[in-house]
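One letter stands for each residue in the lines below.
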Amino acid sequence: MPHPGWHNFNFEGIGTSWEISTPEPLGPAPRSHVLAEVERYDSTWSRFRGDSLVSRMSARPGHFEFPAEATALASVYRILYALSNGAMTPLIGGSLEQLGYGPGYSLRPHGAATAPPAWDDVLEWRGTSVTAKAPVVLDIGAAGKGQLVDLLAEVLRGHGVTEFFIDASGDLLNSGSPSVTVALEHPYDSSKAIGTVPLGTGALCASASNRRAWGDGLHHVLDGTTGAPVRTVVATWAMAGTAMEADALATALFFVPGEVLERHFRFSWLKVFSNGSAEYSAEFEGALFT
């Protein structure tokens, strides 16, 4: 619990565990609205459920109209796709399914790693308007959970709740409350920490190759130019004003130097490599254990 004496609202959503902490218990109306927003988002963007808009898009080409949040997703993905030279792409879903991370959760590869198609070859995404020239598996997982955190924050504010702490299984957003000390999970042992960082008002998101890992060295962070898992970086953390940006940038750090990302986004960051070394920005105020 981030603040002693606060009240927790726990629930499951988009395949993971959530906890919203508030000074006073959330009433039935905001709780119901939160759960409805999670269901709405999941029914649009999940590639794991057959009734989602994304699943319909994977079955046939054509024009699809997405909800308002698609505009922000398109913007951040387009920038990071360019900065990573295609390594970070919303079309990575097909590659993940090829390696067994699909709706059936078989976790068994169906063959060698396969790179997804180039964005402009198969997809036109402008704001909420998406046109697929071929069936494609859209996967916005690198930014989607963070965006849903931000959307739930707006739901809470709409009900007059201004102080809260949202923990979406490690994607954190702190609003209008004292700083919280957050442990940085060890990339090879989830029971240990490699350091701590204070989180004031804003978001902290992490990405690590030990999360959603399966098989022989397979994990969910794939290089869009090859379709294969990234090997050199094992964990990243990003702090930004919104959870969507922090979430997206935590993934982008696997592919793009932090200094390059800092020219386009206001954020601080930490990156840990497979050889045990680490890099971090001057603004990252965490303390690493040595």
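What you see is a predicted model, and the numbers here were worked out from it, not measured in a lab.

**Q** I would appreciate a short explanation of the overall build of the protein in the present structure.
**A** The number of helices and strands found in the protein is eight helices and 16 strands. By residue count, 50% of the 290 residues in the protein fall in the buried class. Nonlocal contacts in the protein, meaning residues at least 24 apart in sequence, comprise 61% of its contacts between residues at least 6 apart. Element-wise, carbon and sulfur atoms account for 52% of the exposed surface of the protein, whose accessible area totals about 12,700 Å².

**Q** Explain the sheet that holds strand β9 (residues 189-199) to me, please; I cannot follow it from the model alone.
**A** One key point about sheets: their strands pair by backbone hydrogen bonds, in either a parallel or an antiparallel sense. Taken in spatial order, the three strands line up as β8-β9-β16 in an open sheet, and their pairing is antiparallel. The open sheet has two free edges, formed respectively by β8 (180-186) and β16 (287-288), since each of these has just one partner strand. Here β9 pairs with β16 via two bridges, running antiparallel. Its bridge partner being in β16, T196 is matched across the sheet by A287.

**Q** Got a minute to help me understand helix α3 (residues 70-83) in this structure?
**A** An α-helical turn contains 3.6 residues, so any two residues separated by three or four positions project in the same direction. Between the first and last C-alpha of α3 there are 20 Å, a value that for 14 residues agrees with the 20 Å anticipated at 1.5 Å per step. For α3, the set of buried residues is A70, L73, A74, V76, Y77, L80 and Y81. Next to the buried residues of α3 lie α1 (28-45), α5 (119-122), β4 (123-126), α6 (141-158), α7 (243-252) and α8 (258-261). Of the residues one or two after α3, N85 is the one with positive phi, at around 55°.

**Q** Explanation requested: the nonpolar core in the structure shown.
**A** The nonpolar side chains of a soluble globular protein tend to be buried, and buried together. Grouped together as the largest cluster of nonpolar side chains are 69 residues, with contacts concentrated most on W45, F66, L123, W125 and I166. The element contributing the most residues to this core is α6, with eight residues. Ranked by size, the runner-up nonpolar core spans 18 residues in total, among them L172, V180, V182 and F284.

**Q** Mind showing me how you'd approach the sheet that holds strand β14 (residues 268-273) here?
**A** The strand order across the open sheet built from eight strands is β1-β2-β6-β7-β10-β13-β14-β15, with neighbouring strands paired in antiparallel fashion. Of all the strands in the sheet, just β1 (7-13) and β15 (278-280) have a single pairing partner and so form its edges. Averaged over all pairs of adjacent strands, the angle between their axes in this sheet comes to 10°, without regard to strand direction. Note: β14 against β15, three bridges, orientation antiparallel. Residue pairing for β15: K271 is matched across the bridge by E279. Relative to β1, α1 is tilted by about 25°, and along the sheet it contacts β1 and β2 (16-22). α7 contacts β7 (171-175), β10 (202-208) and β13 (233-240) of the sheet and is inclined by roughly 25° relative to β10.

**Q** Help me understand the pairing of strand β6 (residues 164-168), please; the structure alone is not making it clear to me.
**A** The side chains of a regular strand alternate between the sheet's two faces. Along β6, four of the five residues are buried, which leaves the element largely enclosed by surrounding structure. Where β2 meets β6, three bridges bridge the pair, whose relative direction is antiparallel. What sits directly across from I20, in β6, is I166. For β6 and β7, the ladder comprises five bridges, and the chain directions are antiparallel. Bridging across to β7, F165 finds its partner in N174. Remark: two residues form the turn of the hairpin made by β6 and β7, two consecutive strands paired antiparallel; S169 in that turn has positive phi of roughly 50°.

**Q** Would you mind going over unusual backbone geometry with me for this structure?
**A** Where the residue is not glycine, phi is negative for most of them; where a peptide bond is considered, it is trans in most cases. Residues other than glycine seldom take positive phi values, yet N85 does so here, at roughly 55°. Along the chain, the position of N85 falls in the loop between α3 and α4 (93-98). Given a relative accessible area of 66%, N85 falls into the exposed group. A positive phi is found at S169, a non-glycine position, where the angle reads about 50°. Along the chain, S169 falls in the loop between β6 and β7.

Conventions used here
- Once a new chain begins, its residue numbering starts again from 1 and follows that chain's sequence as written.
- In keeping with the predicted nature of the model, local features appear solely for residues at pLDDT of at least 70, side-chain atom pairs appear and are counted solely at 80 or more, and the whole-chain, interface and lining totals rest on all residues.
- Remark: hydrogens and water are excluded; side-chain values derive from all non-hydrogen atoms of the structure.
- Only DSSP runs of H or I with at least four residues qualify as helices, and only runs of E with at least two residues qualify as strands; both kinds are numbered from the N terminus onward.
- Categorising residues by exposure relies on relative accessible area from a 1.4 Å probe, with only protein chains included: less than 20% of the type maximum marks a residue as buried, more than 50% marks it as exposed, and the intermediate range marks it as partly exposed.
- We call two residues contacting when some pair of their heavy atoms lies within 4.5 Å.
- Areas reported as accessible are Shrake-Rupley estimates using a 1.4 Å probe. Residue values count occlusion only from the protein chains shown.
- When DSSP finds two or more bridges between a pair of strands, those strands are recorded as paired.
- Here, expected helix span is obtained from the residue count minus one, scaled by 1.5 Å.
- The term nonpolar core refers to a set of buried residues drawn from Ala, Val, Leu, Ile, Met, Phe, Trp, Tyr and Cys, joined through side-chain atoms within 4.5 Å.
- Only C-alpha atoms enter the line fits that serve as axes; for helices the fit covers just the stretch in contact. Angles between N-to-C directions range over 0 to 180 degrees.

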